[in-house]
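# Structural description and commentary
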Amino acid sequence: MGKKPHTLKSVTYKQEDIAEVYSETIVKERSDTKKELVGVDVFLDWLKGSPDNLGDALTKITSDGLKLVMISNRGVKVWPGGKSETFCSDHWRCRFMSQNEGATITHQQIIDLLGRVASGGFDFIKTENLCNFDGERGYSLDQGE
């Protein structure tokens, strides 16, 4: 830090150039788009059985108002009704949605769900909130979903 390069040509910027770059990266306010939280994907690191084993276990610990609707592995739906010949890795996407189809969920429901997942001995490694924007799905489906 603070030294000039020996191999490549040194570059210097004028203050005006720096200000121009920053002014172009300012985030613009969103329009009045209606955003609704409708579900959450909980990603697990898990190697203790089949997709059916995982689905059964997660169904038992589902949080109030949420239900497990799908499990995928490497982008392919494996529960419910997955194909036994699907090769699965240790990285699982577990999709939870409202028990009332199409209804919104709360952040507190996600927090409660994660507590139950952790208490159930599962290693969650990531979450992704699922939102609709102006009534249109803003998240992708997995193959077979």
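First things first, this report covers the structure right here in the doc. As the structure is a computational prediction, the values presented were derived from the model and not from experiment.

So, about helix α2 (residues 51-60). Restricting attention to buried positions, one finds in α2 the residues Pro51, Leu54, Gly55 and Leu58. Seen from one end, α2 has its buried residues packed into an arc of 100°, which puts them on one side. Among the structural elements, β1 (35-45), β2 (66-73), β3 (76-79) and β4 (91-98) are those in contact with the buried residues of α2.

In this section: the pairing of β1. When you tally the buried positions in β1, you get nine out of eleven residues, the bulk of the element. Pairing of β1 with strand β5 (residues 123-133), which is carried by ten bridges, proceeds in the antiparallel orientation. Across the sheet, the residue bridging to Lys35 is Phe133, located in β5. Bridging between β1 and β4 involves seven bridges; their strand directions are antiparallel. By the bridge assignment, Val40 is partnered in β4 with Phe96.

Below, the discussion takes up the side chain of Ser72. In this structure, Ser72 sits in strand β2. Here Asp142 takes part through its side chain, which lies 2.3 Å from a polar atom of the side chain of Ser72. Not counting residues up to four positions away in its chain, the partners in contact with Ser72 are Lys77, Val78, His91, Trp92, Arg93 and Asp142.

Moving on to unusual backbone geometry. Along the chain, Trp79 connects to Pro80 via a cis peptide bond; the corresponding omega equals -10°. Within the fold, Pro80 resides in the loop between β3 and β4. For Arg74, which is not glycine, the phi dihedral falls at a positive 55°. Residue class for Arg74 comes out exposed when judged on its relative accessible area of 52%. Non-glycine residue Asp134 carries a positive phi angle of around 50°. Relative to the helices and strands, Asp134 is located in the loop between β5 and β6 (136-137).

Scanning the model with the defined rule gives six salt bridges in all. Linking Arg95 and Asp41 is a salt bridge whose minimum nitrogen-to-oxygen distance equals 2.7 Å. Of this pair, Arg95 sits in strand β4 while Asp41 sits in strand β1; the two residues are 54 residues apart in sequence, bridging distant segments of the chain. Neither Arg95 nor Asp41 differs from the other in exposure class; each is buried. Here Asp64 and Arg116 are joined by a salt bridge, their closest N and O atoms 3.9 Å apart. With Asp64 in the loop between α2 and β2 and Arg116 in helix α3 (residues 107-119), the pair connects residues that are 52 residues apart, well separated along the chain. Residue Asp64 is classed as exposed on the basis of its relative accessible area of 58%. Assessed through its relative accessible area of 34%, Arg116 is described here as partly exposed. Residues participating in the shared-partner salt-bridge network are Asp41, Arg93, Arg95 and Asp142.

Quick notes on the rules
Residues numbered from 1 in each chain as written. Predicted model: local features only at pLDDT ≥ 70, side-chain atom pairs only at ≥ 80, totals over all residues. Heavy atoms only, no water. Buried < 20%, exposed > 50% of the residue type's maximum accessible area, 1.4 Å probe, protein only. Helix = DSSP H or I, 4+ residues; strand = E, 2+ residues; numbered from the N terminus. Arc of directions from axis to C-beta. Contact = heavy atoms within 4.5 Å. Pairing = 2+ DSSP bridges. Polar contact = N/O pair within 3.5 Å; in protein donor to acceptor, adjacent residues only side chain to side chain. Salt bridge = Lys/Arg side-chain N within 4 Å of Asp/Glu carboxyl O.

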